[in-house]
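Overview (structure and organization)
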Amino acid sequence: MIYTIENYPIQVKVDSLGAQLCSIKNLETNVEYIYQKNPDEWNWYAPIMFPQCGAFPEGYEYQGQNYKLPQHGFLRDQEFTFKNNSFYFESTEENYAIYPFRFKAVISFIIRGKSVKQQVKLVNLDEKAMPYSIGFHTGYNLSNPTMTSSLGKIKFTEEYLSDIKRYFEPVPKKLYLEDDKVKLSINTGDYTTLLIWSHPKGKDHMVCVEPRVDTDKANNGYPFRNTLDSKKTKFFSQTITLL
């Protein structure tokens, strides 16, 4: 189900399936800032990756048993409950069969002025430490934009987007994206990786900017970057500001 959160002039829409951000619109200009999913290109808007980022087809081992997770984990495929501008999910036995840890996730959207803060509250409900990776896979409705950050100024041409670009620590804490029509900024906070990607069929009108706390296949094929201790809570966020 699609829910609308509004604080004029900003309107946000979120799909309860995965608590996925599916629209940020400036009602004064009627401009859409989030890529609108297309099954012929990329059939997502802005999924949250958890408990892994990317694909690890050989799975991972925990306490002598092998487990396999879908690409980017399973949180994006779970139905959340909506209450007071936040979306709630608690892990199930089905999740436990492929990720043997019990947790709760709360996804909140806070609009202040022309800024939208997307926050993930992750709670380890288990009696043991919980390994994980996490990231935002936000698709932006932009045509060959320029990104300006501590990495310098980068033009997202179709050639640049022909393969995945990864930038590792230190990840820029703030970056600006601008095309011929719109400009926005993204405050990313503390992440280990910034990934830039576009679908092969969408390189002229969409780009994903992905702040992550993740690892890669060079880490002995182990998909988890961090560990959350038993009964502890951790917050992750990004703030998108329309300029």
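Residues numbered from 1 in each chain as written. Predicted model: local features only at pLDDT ≥ 70, side-chain atom pairs only at ≥ 80, totals over all residues. Heavy atoms only, no water.

**A word on the environment of Thr 227**
- Turning to its location among the elements, Thr 227 is positioned in strand β22 (residues 226-228).
- Taking C-alpha positions, Thr 227 is 17 Å from Tyr 67, a pair spaced 160 residues apart along the chain.
- Ignoring any residue separated from it by four or fewer positions in sequence, one finds Thr 227 in contact with Ala 129, Met 130, Pro 131 and Tyr 132. (Helix = DSSP H or I, 4+ residues; strand = E, 2+ residues; numbered from the N terminus. Contact = heavy atoms within 4.5 Å.)

**Some remarks on the packing of aromatic side chains**
- In the structure shown here, the tally under the stated rule is 23 aromatic pairs.
- For the ring pair Phe 50 and Phe 103, a centre distance of 5.0 Å and an interplane angle of 65 degrees mean the geometry is edge-to-face. A residue pair is termed long-range when its members are at least 10 positions apart, and Phe 50 in the loop between β5 (48-49) and β6 (60-62) and Phe 103 in strand β10 (residues 103-112) qualify at 53 residues.
- Between Tyr 62 and Phe 101, the ring centres sit 4.9 Å apart and the planes meet at 65 degrees, which makes this aromatic pair edge-to-face. Residue Tyr 62 is found in strand β6, and its partner Phe 101 is found in the loop between α1 (93-96) and β10; the two are separated by 39 residues along the sequence.
- Note that Arg 102 overlies the ring of Tyr 96, its terminal NZ or CZ placed 4.0 Å from the centroid.
- In this structure, Lys 165 packs its charged tip against the face of Tyr 160, placed 4.4 Å from the ring centre. (Phe/Tyr/Trp six-rings, centres within 6.5 Å; stacked < 30°, edge-to-face > 60°. Lys NZ or Arg CZ within 6 Å of the ring centre and 35° of its normal.)

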